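Coordinate inspection notes
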Amino acid sequence: MLTLYHHPFSPSSRFIRLILSEYGAAFEERHINPWERPQELLILNAAGTIPVMVENEGPAICGPGPIMEYLDETRGYAIGDRRLMPDHPDARAETRRLVDWALAKFDVEVIGHLVRERIYKQIMPKSAGGGEPDSAALRVARANIDHHLKYFGYLVASRRWLAGDRLSFADFALAASLSCADYLGEVKWHNEEDIKNWYARVKSRPSMRPLLGEKVLGMPPASTYADLDF
């Protein structure tokens, strides 16, 4: 049995939940508020970050990259054409590059600001940094998002999927990140037709349904969030 320690609106955690579903892996969920740095998390991951995954009595696997690689190495070959890591080394490198962009660069410059300021800080006690959103951080995120969307839009306009001809980990990494921004109504879909069409295809997959049903208490999602025909 797999156990995943995560937060529902952590983009990296959402990515792992998506690929667990795509790989048909049953798992138990442990909801973690990372700012609380609970002892059960620190025992598994001294860095105090999520996601963290444990299989049976094995060691903790920490971070989206290592978890992605572990799932592919232990389950990828068994699912044939549905495997999310390409076979060719060049395509594998491109997939890893875009996963890193979606979960690291995009997070640092855009999604992390949005999630922290508009979701986490509404839940966090003031003693942990909760309270009113930082308007400067939100301005940074909103100024940066267009650059990223245009680049991703360029890629999906010239390829069948984000990293190439086949659905890959890269698609789910970006979808996980965008889903958080979309919940908050922070994506101007009318300006980005190519990325909108790509996201509609990923959004319609069964693995996305649990995410699209989640809500932040007291903060309803944007009208586009769960709409497959947005």
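To start, this report covers the structure provided alongside it. (Residues numbered from 1 in each chain as written. Predicted model: local features only at pLDDT ≥ 70, side-chain atom pairs only at ≥ 80, totals over all residues. Heavy atoms only, no water.)

1. Focus on the layout of surface pockets
Selection rule: Here a cavity denotes a set of grid points, spaced 1 Å apart and computed over the protein atoms alone, in which a 1.4 Å probe fits but from which it cannot get out, and a pocket denotes an open set meeting protein on both sides within 12 Å along at least five of seven lines; residues with an atom within 4 Å of a point are reported as lining. Grid points are joined across faces, edges and corners, and a volume is the space filled by probe spheres set on the points. Only DSSP runs of H or I covering at least 4 residues are called helices, and only runs of E covering at least 2 are called strands; the numbering of each starts at the N terminus. Gly is placed with the polar residues, together with every amino acid not listed as nonpolar (Ala, Val, Leu, Ile, Met, Phe, Trp, Tyr, Cys and Pro) or charged (Asp, Glu, Lys and Arg).
Roughly 290 Å³ of volume is contained in the largest pocket. Looking at the largest pocket, the residues that line it are S10, P11, S12, P34, T49, I50, P64, D107, G112, V115, R116 and Y120. A per-element tally of the lining of the largest pocket places helix α4 (residues 89–123) first, with five residues. Among the residues making up the lining of the largest pocket, the classes are represented as six nonpolar, four polar and two charged.

2. Structural notes on the sheet that holds strand β3 (residues 52–55)
As a reminder of what qualifies: When DSSP locates at least two bridges between a pair of strands, those strands are taken to pair. Residue contacts follow a heavy-atom distance rule, with two residues in contact if any of their heavy atoms lie within 4.5 Å. Interaxial angle, 0 to 180 degrees, is taken between N-to-C directions of lines fitted to C-alpha atoms, where a helix line uses only the stretch in contact.
Pairing is mixed across the open sheet formed by four strands, whose spatial order is β2-β1-β3-β4. Each edge of the sheet is formed by a strand with only one pairing partner; in this case those strands are β2 (27–31) and β4 (61–62). With four bridges joining them, strand β1 (residues 2–6) and β3 adopt antiparallel strand pairing. Paired with L2 across the two strands is E55, which belongs to β3. Helix α1 (residues 11–22) contacts β1, β2 and β3 of the sheet and is inclined by roughly 155° relative to β1. Relative to β3, helix α3 (residues 64–76) is tilted by about 30°, and along the sheet it contacts β1, β3 and β4.

3. A word on helix α5 (residues 135–158)
Heads up, the rule is: Take the residue count of a helix, subtract one, and multiply by 1.5 Å to get its expected span. Note on bend: at a given residue it equals the angle between the axes fitted to the 7 residues ending there and to the 7 starting there. In this scheme, a residue with accessible area under 20% of its type's maximum is buried, one over 50% is exposed, and one in between is partly exposed, where area comes from a 1.4 Å probe on protein chains only. Counted as a polar contact is a pair of N or O atoms within 3.5 Å, where, for protein atoms, one must be capable of donating a hydrogen and the other of accepting one, and residues adjacent in sequence contribute only when both atoms are in side chains.
In a regular helix each residue adds 1.5 Å, so 24 residues correspond to 34 Å; α5 covers 36 Å between its end C-alpha atoms and thus fits that length. Of all the bends in α5, the greatest measures close to 30° and is centred on N144. Inspection of α5 places A137, L138, A141, I145, H148, L149, F152, G153, L155 and V156 among the buried residues, and these make up the whole buried set. Packing partners of the buried residues in α5 comprise α4, α6 (169–183) and α7 (193–203). The N-terminus of α5 is capped by D134, whose side-chain oxygen sits 2.9 Å from the backbone nitrogen of A136.

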